[in-house]
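# A structural walkthrough
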Amino acid sequence: MNGLWLPVEEPVFFEQLQQWFMNLPHCRELGMEFANAERGRITLKLPFSDKLIGNPHTRVIHGGVVTSLIDTASGTAIYSLLRAPEPVATLDLRIDYLRPARPDLPVYCTAECYRLTDHVAFTRATAYQDDPEKPVAHGVATFARGMEPKGSTGIASTGETA
Amino acid sequence: MSALANIQTIDDLSRAIAAIPYASLLGIEVREEDGEPLFYLPFKDKNIGNTILPALHGGVIGGFLENAAVLHLMWQREGEGIPRVIDFSIDYLRTGRAQDLYCRCEIVRQGKRIANVLMTAWQDDRSKPVAQARAHFLLA
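Every value quoted in this text rests on a predicted model; they were computed, and no experiment measured them.

Parameters at a glance
Residues numbered from 1 in each chain as written. Chains lettered and ligands numbered in written order. Predicted model: local features only at pLDDT ≥ 70, side-chain atom pairs only at ≥ 80, totals over all residues. Heavy atoms only, no water. Contact = heavy atoms within 4.5 Å. Buried area = accessible area lost by both parts, 1.4 Å probe. Salt bridge = Lys/Arg side-chain N within 4 Å of Asp/Glu carboxyl O. Polar contact = N/O pair within 3.5 Å; in protein donor to acceptor, adjacent residues only side chain to side chain. Helix = DSSP H or I, 4+ residues; strand = E, 2+ residues; numbered from the N terminus. Nonpolar A, V, L, I, M, F, W, Y, C, P; charged D, E, K, R; others polar. Pairing = 2+ DSSP bridges. Disulfide = S-S within 2.5 Å. Buried < 20%, exposed > 50% of the residue type's maximum accessible area, 1.4 Å probe, protein only. UniProt positions renumbered as here; feature names shortened; annotations may be inferred. Arc of directions from axis to C-beta. Axes fitted to C-alpha atoms, helices over the stretch in contact; angles between N-to-C directions. Parallel < 35°, antiparallel > 145°, perpendicular 65-115°, else oblique. Left-handed = near helix turned anticlockwise from the far one by under 90°. 1 Å grid on protein atoms, 1.4 Å probe; cavity = no way out; pocket = protein on both sides within 12 Å on 5 of 7 lines; lining within 4 Å. Points joined across faces, edges and corners; volume = space filled by probe spheres on them.

## Let's talk about the interface of chain B and chain A
With 43 residues of chain B in contact, the opposing surface of chain A contributes 42 residues. The largest per-residue losses of area from chain B upon contact with chain A belong to Tyr22, Ile52 and Tyr92 of chain B, which jointly make up 19% of the total buried on that side. The residue Glu29 of chain A makes a salt bridge to Lys46 of chain B at a minimum N-O spacing of 3.7 Å. Applying the counting criterion to the chain B and chain A interface returns 14 residue pairs in polar contact (both at pLDDT 80 or more). When residues of the side of chain B that touches chain A are traced back to their parent elements, those giving at least two are α2 (21-26), β3 (48-50), β4 (55-56), α3 (58-76) and β5 (84-92) of chain B. By residue number, the principal contributor to the side of chain B that touches chain A is β5 of chain B, which donates nine residues. Each residue belonging to the side of chain B that touches chain A can be placed in one class, and the counts come to 21 nonpolar, 13 polar and nine charged. Bridge count between strand β5 (residues 88-97) of chain A and β5 of chain B: five bridges; the pairing is antiparallel. Bridging from a neighbouring strand, Ile95 of chain A pairs with Phe88 of chain B of β5 of chain B.

As structure tokens, then:
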């Protein structure tokens, strides 16, 4: 993807969708917030909270928190390219932890769906704090479209949102 | 912080979990099985990532496995500090249903500074894993 902006494919649907994602029990538990979206690319924000800490000595948040953020952002990014609800299931996710997240600062995650086929979505994501040039983590994932989810970020119908 | 030092027994691991906020947030527990730690995640609503199925959040499964690997390494090495994750790769094989999740870890290779750990997660049938993951850790 180049840097040129386009709106999400179907703004009303996408708005319902991102609200559905952000209201999922575990996303609320971690405190994820929707930040921005364009076609093929979205950004989430995760404010710092003591309950996310993985190392009480350093107060660095747990890698698993970053995993949840990248998984959710990557799944959400797919829907910025879709016109209607469909189930999507994470097949695999690989994350490189580049540097520890600094305590007391939010973590942002920008994810893009850089290739969408009839059956598979390919995504990549970057988690960062106040300097996008110093990312906390990179993630790549693949998702299966149009089948009952094996993973986490499936959605059957936005009509059933909470 | 002594809860995270010198981990030798399953009870020590339980104390370590209590000292790690994110592990407590997920609700991770541990017991002994065949002389090794068996990590498990009792089901709770706040770990749901799909309200329609319903299913566990993929990040919960990933975070649980990553925690389990860290704790397993601390137990194996008798807790010389908290290992730092370098990379983490997970394959989601089945839906994580709204029930308890189990994990066993295997240290594939442990060098002086780096360890490679394999994690397997399942629910009621160990032969039908929900997810498999592998990770590298920098040892403290």
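## Some remarks on the state of the cysteines
Taken as a whole, this structure holds zero disulfides over all chains when the rule is applied. Free cysteine Cys109 of chain A: the closest other cysteine sulfur is in Cys27 of chain A, separated by 12 Å. The cysteine Cys105 of chain B is free of any disulfide, with Cys103 of chain B supplying the nearest cysteine sulfur at 3.9 Å. The buried category is assigned to Cys105 of chain B, whose relative accessible area is 6%.

## Points about the UniProt feature "domain: Thioesterase" (unreviewed entry) in chain A
UniProt's entry tags residues 60-134 of chain A with the feature "domain: Thioesterase" (unreviewed entry), counted in the numbering of this structure. As a span, residues 60-134 of chain A carries 23% helix and 41% strand, and end to end its C-alpha atoms are 16 Å apart.

## Comments concerning helix α1 (residues 10-19) of chain B
Residue and element names in this part refer to chain B. Considered for burial, the residues of α1 that qualify are Ile10, Asp12, Leu13, Ala16 and Ile17. Along the axis of α1, the buried positions cluster into a sector of 150 degrees, meaning they face one direction only. Of the exposed residues in α1, those oriented more than 90 degrees away from the buried face are Asp11 and Ala18. Contacts from the buried residues of α1 go to α2, β1 (29-33), β2 (36-41) and α3. The N-terminus of α1 is capped by Thr9, whose side-chain oxygen sits 3.4 Å from the backbone nitrogen of Asp11.

## Re the packing of helix α1 (residues 11-22) of chain A against helix α3 (residues 63-79) of chain A
Helix-helix packing is characterised by the crossing angle of the two axes and by the distance between the axes. Residues and elements named next belong to chain A. In contact at an axis separation of 10 Å, α1 and α3 are set at 165 degrees when each is read in the N-to-C sense. Relative to α3, the element α1 lies roughly antiparallel. Here α1 runs over α3; the crossing is right-handed. Only Thr72, Gly75, Thr76 and Tyr79 of α3 make contact with α1, whose side of the interface consists of Phe13, Phe14, Leu17, Gln18, Phe21 and Met22. A per-class count over the contact of α1 with α3 returns six nonpolar, four polar and no charged.

## Section: the layout of surface pockets
Taken as a whole, the largest pocket encloses approximately 490 Å³ of empty space. Lining the largest pocket are 22 residues, and of these Val60, Ile61 and Pro100 of chain A together with Arg84 and Val85 of chain B sit closest to its centre. Taken together, the residues that form the lining of the largest pocket break down as 14 nonpolar, five polar and three charged.

## A closer look at the sheet that holds strand β8 (residues 137-145) of chain A
Pairing between sheet strands relies on hydrogen bonds along the backbone, with the strands arranged either parallel or antiparallel. Here 12 strands make up an open sheet; going across it, the order is β1(A)-β2(A)-β6(A)-β7(A)-β8(A)-β5(A)-β5(B)-β8(B)-β7(B)-β6(B)-β2(B)-β1(B) and the pairing antiparallel. Each end of this open sheet is capped by a strand with a single partner; those strands are β1 (33-38) of chain A together with β1 of chain B. The sheet shows a mean angle of 20 degrees between the axes of neighbouring strands, direction not considered. Here strand β7 (residues 120-128) of chain A runs beside β8 of chain A; their pairing, made up of eight bridges, is antiparallel. Considered in β8 of chain A, the bridge of Arg124 of chain A is made with Val140 of chain A. Lying on the sheet, α3 of chain A is in contact with β2 (41-46), β5, β6 (107-116), β7 and β8 of chain A together with β5 of chain B; it crosses β6 of chain A at an angle near 45 degrees. Against the sheet, α1 of chain B contacts β1 and β2 of chain B, and its axis sits at roughly 165 degrees relative to β1 of chain B.

## Brief notes about unusual backbone geometry
Here the amide bond leading from Leu53 of chain B into Pro54 of chain B is cis, since omega sits at -15 degrees, within 30 degrees of zero. With respect to the secondary-structure elements, Pro54 of chain B resides in the loop between β3 and β4.

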